[in-house]
Amino acid sequence: MRTGIRVAVIDDHDLFVRGLELLLPEVSDGRATVVTTSGDAAYAASVVRHGVPDVVLVDLHMPPPGGLHAIEAVRRAAPRARILAMSGDDDPAVAVRALRRGANGFLPKSSDAADLLQPLLAAINGWVVLPDNLLAAMLESDRARAPAPVPAGLSADDLGLLRAIAAGASTIEIAAQRHVSERTVKRLTAALLRRLHVSSRAEAAALAGRAGLL
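Residues numbered from 1 in each chain as written. Predicted model: local features only at pLDDT ≥ 70, side-chain atom pairs only at ≥ 80, totals over all residues. Heavy atoms only, no water.

Moving on, we get to helix α9 (residues 182-196). Structural remark: α-helix, 3.6 residues per turn; residues separated by three or four positions point the same way. Taking 1.5 Å of rise per residue, 15 residues should cover 21 Å, and α9 covers 21 Å from first to last C-alpha, within 8% of that figure. Of the residues making up α9, those classed as buried are V185, T189, A191, L192, L193 and L196. Those residues of α9 hidden inside the fold are in contact with α7 (156-166), α8 (171-178) and α10 (201-210). (Helix = DSSP H or I, 4+ residues; strand = E, 2+ residues; numbered from the N terminus. Expected span 1.5 Å × (residues − 1). Buried < 20%, exposed > 50% of the residue type's maximum accessible area, 1.4 Å probe, protein only. Contact = heavy atoms within 4.5 Å.)

Along helix α4 (residues 92-100), the positions that sit buried rather than exposed are V94, A95, A98 and L99. One side of α4 holds all its buried residues, which, seen down the axis, span an arc of 135°. At the C-terminal side of α4, G102 shows a positive phi close to 125°. (Arc of directions from axis to C-beta.)

As a further point, take unusual backbone geometry. Cis rather than trans, the peptide bond between P64 and P65 has omega equal to 10°. With respect to the helices and strands, the residue P65 is situated in the loop between β3 (55-59) and α3 (66-77). Positive phi values are uncommon outside glycine, yet H179 reaches one of about 60°. Along the chain, H179 falls in the loop between α8 and α9.

To continue, consider the pattern of salt bridges. For the structure shown, the criterion picks out five salt bridges. Its salt-bridge partner being K109, residue D59 comes within 3.5 Å of it at the nearest N-O pair. Of the two residues, D59 is situated in strand β3 and K109 in the loop between β5 (105-108) and α5 (117-124); the sequence distance between them amounts to 50 residues. The pair formed by D59 and K109 is uniform in burial state, with each residue classed as buried. (Salt bridge = Lys/Arg side-chain N within 4 Å of Asp/Glu carboxyl O.)

Our next topic: the pairing of strand β2 (residues 32-38). Bridge count for strand β1 (residues 5-10) against β2 is six bridges, and the pairing is parallel. Bridge assignment links A8 to a residue of β2, and that residue is T36. One crossover worth recording links β1 to the parallel β2 by way of helix α1 (residues 14-27), and it is right-handed. (Pairing = 2+ DSSP bridges. Right-handed = clockwise from strand over helix to strand, strands pointing away.)

Our focus in this paragraph is the environment of H13. Tracing the sequence through the fold places H13 in the loop between β1 and α1. Measuring from C-alpha to C-alpha, the distance between H13 and S38 comes to 9.8 Å, with 25 residues separating the pair along the chain. Apart from residues no more than four positions distant in its own chain, H13 is found in contact with D59 and K109.

Core analysis: the largest hydrophobic core is formed by 27 residues, its most contacted members being I10, V56, L60, I71 and F106. If you list the elements that add at least two residues to this core, you get β1, α2 (44-51), β3, α3, β4 (82-87) and α4. (Core = buried A, V, L, I, M, F, W, Y, C linked by side-chain atoms within 4.5 Å.)

Turning to empty space enclosed by the protein, a few remarks are in order. By the definition in use, this model includes one cavity of 30 Å³ or more. Quantified by volume, the largest cavity comes out at close to 30 Å³. Contributing to the lining of the largest cavity are R82, A103, N104, V128, S200, R201 and A202. Residue composition of the lining of the largest cavity, by class: three nonpolar, two polar and two charged. (1 Å grid on protein atoms, 1.4 Å probe; cavity = no way out; pocket = protein on both sides within 12 Å on 5 of 7 lines; lining within 4 Å. Points joined across faces, edges and corners; volume = space filled by probe spheres on them. Nonpolar A, V, L, I, M, F, W, Y, C, P; charged D, E, K, R; others polar.)

What follows concerns the sheet that holds β4. Here we have five strands laid out as an open sheet, ordered β2-β1-β3-β4-β5, and parallel in their pairing. In this open sheet, the two edge strands, each paired with only one partner strand, are β2 and β5. Taken over all neighbouring pairs, the strand axes of this sheet differ in orientation by 25° on average, direction set aside. Bridge analysis of β4 against β5 gives four bridges, and the strand direction is parallel. In the strand pairing of β5, L84 is matched with G105. Sitting on the sheet, α1 is in contact with β1, β2, β3 and β4, with an inclination near 160° to β2. Relative to β2, α2 is tilted by about 140°, and along the sheet it contacts β1, β2 and β3. (Axes fitted to C-alpha atoms, helices over the stretch in contact; angles between N-to-C directions.)

Shape is all these values report; function is a separate question.
As structure tokens, this is what we get:
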């Protein structure tokens, strides 16, 4: 059985990448290791397929085809990998675009290597990772919008699952609550996302918030 957290880094800043390669194993007591990198967004899918990482860190401000393209490519190539977008700024609009393309969270590149272990663990466990200030800005933006209706035809079980996702419950936690397997929760979640016409748990949570389900 594979142990530890395998990390891929898609970033064209060599010093930043090298720093993670050196510091991440040290600050995590060997639990997290950078197993593959690429400074070219066009090769993101290829290196991820070969490296088989648990978590992929993607710089959003890479040269064309860019970080958003890399996120989409990684999502197709490694659907089980968790993707955390990274940027030198914490503009909510940038984070939202990344989440819509398939990222599972957002981290500022100003984060210390020592502060990355918990976000990596949270992402692997199914949590959406966002800095507090960015989450607050996104919620404030959502409050300014008119309530969005939830698609008709959702069952009570669907609504319960949607509320659990919006509350930040992980796949493991939802499985325990419902007394079903993690595979069943993943299947039900995928079906729910299709019904809601969204592509990620983060978008589903935002929809639930706008609809007043929280």
